[in-house]
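Here is what each chain is made of, one letter per residue.
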Amino acid sequence: MRVIVLGSAAGGGVPQWNCRCPVCTLAWRRDGSVRWRTQTSLAVSADSESWVLLDAAPELREQILSNPSLHPRRPGRHSPIAAVVLTSGDVDHLAGLLCLREGHRFTLWAAEDTLRQVAASPVFGVLDPSLVDKRVLPTDESTRIAGLTMSPFAVPGKVPLYREAEEQEIERESGSVIGLEVSDGRGRLCYVPGIAHLTPALAERLGGADVLFLDGTAYTDDELPRLGLSPKTAARMGHLAITGDNGSMRAFVGTRAQRHYIHLNNTNPVLVENSAERATVEDAGWTVAHDGLEIVM
Ligand code: MLT
Ligand code: MN
Ligand code: ZN
């Protein structure tokens, strides 16, 4: 299986268009200490011929342009993108669908709640229903998608930001936020860009993967309030922090998975390559994913 990190940032990207937090300030300066990052998406393939996108970031067109594996290969209209799987209905995960509107046949897989969201927005009607098959991806069973076995599982999370007025419940495994386990029969990849907290069962499942891409939104739970950027803690945004007693870094000590943080918010100091925080996560066995990172497993 091949895995390409198309984008590795949380909502807003790095730098964020309207931000001069300490990390964005370094990124705007382009001095090499902070890589620019687009919003989170992976491309996975069993045969390097057809590819499945895990989430569709707003920068999808740019991500396709930067990755030759996703370029059209045959005369006329063609794309190796066979399917898209969404892990939530957040804008940073589904806006890229609008880049796939020009007459290409593919299958869109997502939780029922997310598909309902897509159906409720007339803009997504540009995905011609005669070409784009929209299918519910059932949790706790396996679905074959382009030669890969996709096993989704519910994770604690919340409704998308634009629907928060409806419901404020965060820590529930409601099925609207999912994690994905992807296998080609040999390697097992887990991709969980958003998770509000880790249950023991989830920690065991994720720690046993060959390769894990996990929610690395915030280094500390109070990162945004402390910078005066938002009153919301990471937990309030549906993301478990890297550090702290219940943080992700501590939870995976000694596990076998090759571990990568993804969905990195632009405020996260691990994005600064020479920072103490970057050294801390690397010492704990994590890498900080970047756009273009490729893994063959
Ligand atoms: C999140 O991960 O919390 C969302 O991307 C927030 C947003 O939509 O900006
Ligand atoms: Mn997000
Ligand atoms: Zn910023």
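One can find the structure itself at the top, above this paragraph.
Residues numbered from 1 in each chain as written. Chains lettered and ligands numbered in written order. Predicted model: local features only at pLDDT ≥ 70, side-chain atom pairs only at ≥ 80, totals over all residues. Heavy atoms only, no water.

Caption draft 1: Spotlight on helix α4 (residues 112-120). Inspection of α4 places Asp113, Thr114, Leu115, Gln117 and Val118 among the buried residues, and these make up the whole buried set. Contacts made by the buried residues of α4 are with α3 (91-94), β5 (106-110) and β6 (132-136). (Buried < 20%, exposed > 50% of the residue type's maximum accessible area, 1.4 Å probe, protein only. Helix = DSSP H or I, 4+ residues; strand = E, 2+ residues; numbered from the N terminus. Contact = heavy atoms within 4.5 Å.)

Caption draft 2: Focus on the coordination of the manganese ion (ligand 2). Distances from the manganese ion (ligand 2) to its protein donors, Asp92 (OD) and His263 (NE2), fall at 2.1 to 2.2 Å. Of the two residues, Asp92 is situated in helix α3 and His263 in the loop between β12 (258-262) and α8 (276-283); the sequence distance between them amounts to 171 residues. With a relative accessible area of 7%, Asp92 lands in the buried category. (Donors = N, O, S within 2.8 Å, 3.2 Å for Na, K, Ca; no water.)

Caption draft 3: Spatial organisation of the sheet that holds strand β2 (residues 41-45). Strand order across the open sheet formed by seven strands is β6-β5-β4-β3-β2-β1-β14, with mixed pairing between neighbours. Only two strands of the sheet have a single partner each, and these edge strands are β6 and β14 (294-296). Within the sheet, the average angular offset between the axes of one strand and its neighbour, ignoring direction, is 20°. Summarising the sheet, strand β1 (residues 2-7) and β14 pair through three bridges and their orientation is antiparallel. Opposite Arg2, over in β14, you have Val296 as the bridge partner. Across the sheet, α4 touches β5 and β6, and the angle it forms with β5 is around 120°. (Pairing = 2+ DSSP bridges. Axes fitted to C-alpha atoms, helices over the stretch in contact; angles between N-to-C directions.)

Caption draft 4: Quick peek at the site of ligand 1. The full set of residues close to ligand 1 is Gly11, Asp90, Asp92, Leu161, Met237, His239 and His263. Here Asp92 contributes a side-chain N or O atom positioned 2.9 Å from an oxygen atom of ligand 1. At 2.8 Å, a side-chain N or O of His239 approaches an oxygen atom of ligand 1. For ligand 1, whose free accessible area comes to 270 Å², the fraction covered by protein is 78%. (Near = heavy atom within 4 Å. Polar contact = N/O pair within 3.5 Å; in protein donor to acceptor, adjacent residues only side chain to side chain. Areas by Shrake-Rupley, 256 points an atom, 1.4 Å probe, with all protein chains shown as cover.)

Caption draft 5: Layout of helix α1 (residues 22-29). Considered for burial, the residues of α1 that qualify are Val23, Cys24 and Ala27. Considered in projection along α1, the buried side chains sweep an arc of 95° and stay on one side of the axis. More than 90 degrees from the buried face of α1, the exposed residues found are Pro22 and Arg29. Positive phi shows up at Arg30, right after α1, with a value of about 55°. (Arc of directions from axis to C-beta.)

Caption draft 6: Quick look at the coordination of the zinc ion (ligand 3). Those donors, Cys19 (SG), Cys21 (SG), Cys24 (SG) and Asn266 (OD1), are the protein atoms that reach the zinc ion (ligand 3), and they lie 2.2 to 2.4 Å from it. One can describe the site at the zinc ion (ligand 3) as tetrahedral: its four donor atoms subtend angles covering 101 to 115° at the metal. Each donor residue of the zinc ion (ligand 3) lies on the same chain, and together they follow the pattern C-x1-C-x2-C-x241-N. With Cys19 in the loop between β1 and α1 and Asn266 in the loop between β12 and α8, this residue pair connects regions lying 247 residues apart in the sequence. (Tetrahedral: all angles 85-135°; square planar, octahedral: opposite > 155°, others 65-115°.)

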